[in-house]
Amino acid sequence: MFTDYKPTVGFDEYFCSETARPRDDLATLLASLGQMGLPELNRSHASASQLLRRLGATFRLNDSGLKGSERILPFDPLPRLIGRSDWINLERGLLQRLEAIDCFLADIYGPQQILKDGVIPREDVESSSGWRPQMQGISLPLNRWCHISGLDLIRDGNGTWRVLEDNLRCPSGVAYFLENRRVMKRLFPGLFEGRAVQPIDAYPSHLLRTLQDLAPWSESPRVAILTPGVFNSAYFEHSYLAQQMGIALVEGRDLVCDNGRVWMRSTNGLKPVDVIYRRIDDDFLDPTVFRQDSMLGVPGLIDVLRQGRVAIANAPGTGVADDKLIYAHVPAMIRYYLDEEPIIENVPTYLCARPDDQRYVLDHLEQLVVKSVAEAGGYGMLIGPQASRSELADFDTKIRANPRNFIAQPTLQLSTVPSLSDGELYPCHVDLRPYVLRGSNSWVSPGGLTRVALKRGSLVVNSSQGGGCKDTWIVDDQRMSAPQPKEAVPC
């Protein structure tokens, strides 16, 4: 099956680029794939797409408006494998980073000691679009701000893991992470033969426990997911998680604040709500505090939060810490609050707000990746080596006009994993989004959503830009025996 497969420049996670030999612990999987053969792999891949459509695992395109254009997130059947020892170190690094970020958020909305000590410039924080001064002085349950996080990791050209972005507001994709495993087990059971893959199906129960932890005033807290509604691009995920946890899925009009509590309208009258897993942005949460024209939020919600009678996950104001400029300061946060060195390094980052950095970026635009600090989904980004002259000139103008709005990073050769592209195996670039839950205890999903740039040669993995996804397996490091042939279960 892999006779014509040739790794490109950089780190291929299946094969050593220098010797073209399979990496350690891949022999079992390659044997299983070889027994299946490329024609059968393509047939099962088509069945997987049909199954995902039947399951309703779709997302809505942001620019589709009322036309209702929805797609499945393209699924690639070749799994990504991560050894357990490697994963244990990544878990430690993720928990370390989020502990420091939580300390940072409690600090900047409290005593602001890190700003007074000059470790992070006050201007960098207060000029962020995620900064919410309305949250100053509010105490939160467990002193937690980021309860559900999805940090984006990559492996560079040497195979070294690095943090690419911190997603701390409403990180999405976990439903696809869970459904990918379901599809793999149903259509490709033979690939699991002879190997212990760490299960992931406990995520909904861990998520519910994390959310319930945030309401220590109640022995049986009522939890609800607050969604903007069916036109949101991630509505499938909102409804999926509500169903998996057995909790209510509500819109702003379903909730009301009265007598210091949040209440949910039901056919049996008003029911108190203790914890809200919000899937809407800060700006729309409460029109009496944030955007006055919001029709999606709940008037008075922040006042109830201030009184300590409701918890909101993630807390309003966490967006300041996933500003891409603030990302560059996270290693300093780890050293300042934890007195430790970062376990997972950042990607080297130039801040265009700094004159020396800006000068370097403008002189090397054709070599760098430039990102707008407040945008996501692959929008507001320039990949210098692939950009046209007019695109380079456009970003030159934008950076000079508003340098605070841009950072730049080297164009890394993201690691590659074999993927189906036009019916053939091709080395496609990937990243990884593990999900971290933090209530009374912390829990890291085994693996996460591997996003893959299915367009050949592309470095953009975002679903809105044509990316897809893969199942991610955390496996024992030891080699295991090759499996016996076995047919896939029909869809």
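Below is a short write-up of the structure. (Residues numbered from 1 in each chain as written. Predicted model: local features only at pLDDT ≥ 70, side-chain atom pairs only at ≥ 80, totals over all residues. Heavy atoms only, no water.)

1. Some points on the overall build of the protein chain
Along the protein chain, the regular secondary structure elements total 13 helices and 23 strands. Relative to a compact globule of 491 residues, whose C-alpha radius of gyration would be 23 Å, the protein chain shows 23 Å and is just as compact. In terms of overall dimensions, the protein chain has a C-alpha envelope of 65 × 60 × 50 Å along the principal axes. The 491 residues of the protein chain split such that 55% are buried. Excluding contacts between residues fewer than 6 apart, the proportion of contacts in the protein chain whose partners are at least 24 apart in sequence is 69%. Only carbon and sulfur atoms are counted for the fraction: they give 47% of the accessible area of the protein chain, which is about 20,700 Å². Charge-centre separation for the protein chain: the mean point of 53 positive side chains lies 4 Å from the mean point of 60 negative side chains. (Helix = DSSP H or I, 4+ residues; strand = E, 2+ residues; numbered from the N terminus. Rg over C-alpha atoms; globule rule 2.2 N^0.38 Å. Buried < 20%, exposed > 50% of the residue type's maximum accessible area, 1.4 Å probe, protein only. Contact = heavy atoms within 4.5 Å. Areas by Shrake-Rupley, 256 points an atom, 1.4 Å probe, with all protein chains shown as cover. Lys, Arg positive; Asp, Glu negative; His and termini not counted. Charge placed at Lys NZ, Arg CZ, Asp CG, Glu CD.)

2. Observations concerning helix H12 (residues 355–363)
Among all positions of H12, only Asp357, Gln358, Val361 and Leu362 are buried. Buried residues in H12, looked at end-on, bunch into an arc of 130°, giving them a common side. Turned more than 90 degrees off the buried face of H12, the exposed positions are Pro355, Asp356 and Asp363. In the core, the buried residues of H12 are packed alongside strand S14 (350–351), strand S15 (368–372), helix H13 (389–401) and strand S17 (406–410). (Arc of directions from axis to C-beta.)

3. Quick look at the side chain of serine 372
Along the chain, the position of serine 372 falls in strand S15. With relative accessibility at 4%, the residue serine 372 sits in the buried group. In this structure the side chain of serine 372 is engaged in a polar contact, spanning 3.3 Å, whose partner is the side chain of asparagine 405. Discounting chain neighbours no more than four positions away, the residues touching serine 372 are Lys324, Gly380, Asn405 and Phe406. (Polar contact = N/O pair within 3.5 Å; in protein donor to acceptor, adjacent residues only side chain to side chain.)

4. Some points on the sheet that holds S15
The strand order S14-S17-S15-S16 describes an open sheet built from four strands, whose pairing is antiparallel. The sheet is open, and its two edges are formed by S14 and strand S16 (381–383), each paired on a single side. Pairing between S14 and S17: two bridges, direction antiparallel. Paired with tyrosine 350 across the strands is alanine 408, a residue of S17. Of the strands in this sheet, S15, S16 and S17 touch H13, which is tilted by about 135° from S16. (Pairing = 2+ DSSP bridges. Axes fitted to C-alpha atoms, helices over the stretch in contact; angles between N-to-C directions.)

5. Structural notes on unusual backbone geometry
At the junction of alanine 313 and asparagine 314, the peptide bond is cis and its omega measures out at -15° in the coordinates. One can find asparagine 314 in the loop between strand S12 (311–313) and helix H10 (324–327). One non-glycine residue, glutamine 112, adopts positive backbone phi at about 60°. Considering the arrangement of structural elements, one finds glutamine 112 in the loop between helix H3 (84–108) and helix H4 (113–116). For glutamine 112, a relative accessible area of 9% translates into the label buried. Even without being glycine, aspartate 422 reaches a positive phi, approximately 55°. With respect to the element layout, aspartate 422 can be found in the loop between strand S18 (416–421) and strand S19 (424–433).

6. Looking at the sheet that holds S12
Working definition: the strands of a sheet are paired by backbone hydrogen bonds and lie parallel or antiparallel to each other. Judged by pairing direction, the sheet is parallel, and its four strands sit side by side in the order S7-S6-S11-S12 without closing on themselves. This sheet does not close on itself; its edge strands, each paired only once, are strand S7 (248–250) and S12. With strand direction ignored, the average angle separating the axes of adjacent strands in the sheet is 30°. Across four bridges, strand S6 (residues 223–226) lies against strand S11 (residues 275–278) in parallel orientation. Residue pairing across strands places valine 223 opposite valine 275, the latter belonging to S11.

7. Some remarks on empty space enclosed by the protein
Applying the stated rule across the entire model yields three cavities of 30 Å³ or more. Of the pockets and cavities examined, the largest cavity occupies roughly 60 Å³. Among the elements that line the lining of the largest cavity, the one with the most residues is strand S5 (residues 161–167), at three residues. Grouping the constituent residues of the lining of the largest cavity by class yields three nonpolar, one polar and six charged. Counted as a void, the second largest cavity has a volume near 40 Å³. Leu140, Pro141, Arg144, His147, Leu214, Leu305, Ala311, Ile312 and Ala315 are the residues that line the second largest cavity. (1 Å grid on protein atoms, 1.4 Å probe; cavity = no way out; pocket = protein on both sides within 12 Å on 5 of 7 lines; lining within 4 Å. Points joined across faces, edges and corners; volume = space filled by probe spheres on them. Nonpolar A, V, L, I, M, F, W, Y, C, P; charged D, E, K, R; others polar.)

By themselves, these figures tell us nothing about what the structure is for.
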